[in-house]
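One letter stands for each residue in the lines below.
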Amino acid sequence: MSPSRRPSLFALPVSRPVGTLVILVTMVVVGVISYARLPLQMLPSGVQGSRFTVWISHPGSSAAENVDKVARPLEEQLRTLADVDNVYTTCRQGSVRLRVQFNSSGDLQLAKAELRDRIERARPEMPDSVERIRIWSSDDGDMPIMWFAVTVADGTPEEDIDRLIEQRIQRPLEATDGVSRAQIWGMLEDSVRILLDEERVKAARLDTGEVIRRLSADNFAKPLGEVTDGERRFLLRSDMRFQDLEEIEDYPIGNGLRLADVAEVARIKAAGERLTRIDGRYAYYGMIQKEGTANVVETSKRIHDVIERIDADPALGGGFGVTIFFDQAEFIRSSLAQLESTAIWGGGLAILVLFAFLRRLRTTLVVALSIPISILLALTWEHFSGGTFNVLTMTGLTLALGMLVDNSVVVIENIARLRARGLSPLRAAVAGVSDVGLAVALATLTSVVVFMPLIFMIGNNQMRVFLSAMGIPLCSALIASLLVALVFMPVLAGRAQGERPAFVRALERPLAAIVAVPVRALAHAVGLVRLAGWGLVWLVHR
């Protein structure tokens, strides 16, 4: 059957060029919008999973006691969580720290709720002396997303500095969406000191050790159990801690005396261990850690907005300033920008090679369009599938650059061949893509199928996420290039063929000579290899 009479589904887009081009432009616009809205990230979500840090305060305890009475009951409860991958426990004198890592990138809030539930189940098995239990949605080993300093102007009242930093700077930063913890070092904690008067203690004949033991025993908070009333359940807890300085001063110490009769009770700042100055001004330095699944770039942007509001806060009176030393988001942006620049250079070199071999300017430009269009369609898939634009995504797209033009080159060369045989542009476009459509589709699908086992048949979840982040953009770009070559390229190719411009004809002879050099070198190399092979065969059979 001749090409002119061969029925083909490819005749529809070629016969409706306006509608086909409208669809193409729409897809390109959607791709540009998707690229602009893709969240930036260094690595894809799920490479490290959701991670949490649990800190348990147990004052007066030894490390060995914390192992038996605090860490083990909690670890036994954590074993009942299906998605927990690793639990790292560190027991010290007075505290226990657990780093819990989940093996998936599921719902962060659900994982945190399940972790809290297991902690509450283990709480009755812990000693009553266990005080605070804190949970952060990050790993202590994670790199902070930001290092910063808070500078204080000279003349700011010292009694207000720590209060303003905690209430007006630290708390707004910790309340930012995506922030797990904001730590600021240099602030002095308030402490209550009981300054005994040695002469009065001797005159009252008091046993200082006994007074200290009584104060410790009477300053406590402990659960007392629960009371059930019908369908209601009440948890009982005794809180006998001192509420203010007056209660401590009125504490009876025997012989009709109060603590205030033999001592002075005062709230003072703890002694400072370090001093920081920046540009001659007193400063406090701190760091910010993000939640396990939060996006670094988006979180950093929200932190910058909060810092701008802090600088304009009238309660600070202009006496405080926040200086950022390190921002991980800037590192991510620069890394992705470098990869984008590399991809642009690679695409430009591919176009130059195409022009050197095709020696047709309009044909080269039409084929070159398949690169940005295919990449935009791949990014559209990433956006609507909930993906991110990260280093692995950019690596996959960069690896696909050289293969994106293969389909279009085959199609457009076949169309050009049929045009040279005298077919009209419309008939040549339909017949050309029909002749090679099946072969082009099979060649592309075999390249895509190679990545399927790597993406879906790996037992290690982290490795699967790693390969998927690189393989899925590559495969989607190849499928997009197949769509462009079979649907859109014939419409453009049928109208791109024509008489070559004069300057292209002038360059044709030099370009042909240049292109012939590597072709001849390759032919000579193949000939030498064949000659060497026959030489080895002759030596073996000699």
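**Digging into the side chain of N390**
Here's step 1: Relative to the assigned elements, N390 resides in the loop between α13 (370–384) and α14 (391–400).
Here's step 2: Using a relative accessible area of 2% as the deciding quantity, one classes N390 as buried.
Here's step 3: There is a polar contact of 2.9 Å between the side chain of N390 and the backbone nitrogen of T393.
Here's step 4: The residues contacting N390, other than those within four sequence positions of it, are Q41, M42, L43, P44, L336 and A469.

**Some thoughts on the packing of aromatic side chains**
Here's step 1: Summed over the entire model, instances satisfying the criterion amount to three aromatic pairs.
Here's step 2: These aromatic residues form a ring-pair network of at least three members: W147, W185 and Y285.

**Description of the side chain of T20**
Here's step 1: Looking at where T20 falls in the secondary structure, it is placed in helix α2 (residues 17–37).
Here's step 2: Note on T20: relative accessible area 7%, which makes it buried.
Here's step 3: Of note is the side chain of T20, whose polar atom sits 2.8 Å from the backbone oxygen of R16.
Here's step 4: Every residue in contact with T20, bar those within four places of it in the chain, is listed here: P13, V487, F488 and V491.

**What about α2?**
Here's step 1: The terminal C-alpha atoms of α2, which comprises 21 residues, lie 30 Å apart, in line with the 30 Å expected from a rise of 1.5 Å per residue.
Here's step 2: Considered for burial, the residues of α2 that qualify are T20, L24, G31 and S34. Along the axis of α2, the buried positions cluster into a sector of 90°, meaning they face one direction only. Counted as exposed and oriented over 90 degrees from the buried face of α2: V18, V25, A36 and R37.

**Focus: the pattern of salt bridges**
Here's step 1: Enumeration over the complete set of coordinates arrives at 12 salt bridges.
Here's step 2: Across the pair R200 and D197 runs a salt bridge whose closest N-O atoms are separated by 3.7 Å.
Here's step 3: The class for D197 is partly exposed, based on a relative accessible area of 30%.
Here's step 4: Within the structure, one salt-bridge network assembled from shared partners comprises D117, R118 and R121.

**As for the nonpolar core**
Here's step 1: Counting residues in hydrophobic clusters, the biggest one holds 74 residues, and the most contacted among them are I169, L173, I288 and F320.
Here's step 2: The element contributing the most residues to this core is helix α17 (residues 461–496), with 13 residues.
Here's step 3: Excluding anything up to four places from it in sequence, I288 contacts P144, I145, M146, F148, L173, V179, R181, A182 and I303.
Here's step 4: Of all hydrophobic cores here, the second largest spans 20 residues; its members include I56, V96, L98 and M126.

The rules we used
Residues numbered from 1 in each chain as written. Predicted model: local features only at pLDDT ≥ 70, side-chain atom pairs only at ≥ 80, totals over all residues. Heavy atoms only, no water. Helix = DSSP H or I, 4+ residues; strand = E, 2+ residues; numbered from the N terminus. Buried < 20%, exposed > 50% of the residue type's maximum accessible area, 1.4 Å probe, protein only. Polar contact = N/O pair within 3.5 Å; in protein donor to acceptor, adjacent residues only side chain to side chain. Contact = heavy atoms within 4.5 Å. Phe/Tyr/Trp six-rings, centres within 6.5 Å; stacked < 30°, edge-to-face > 60°. Expected span 1.5 Å × (residues − 1). Arc of directions from axis to C-beta. Salt bridge = Lys/Arg side-chain N within 4 Å of Asp/Glu carboxyl O. Core = buried A, V, L, I, M, F, W, Y, C linked by side-chain atoms within 4.5 Å.

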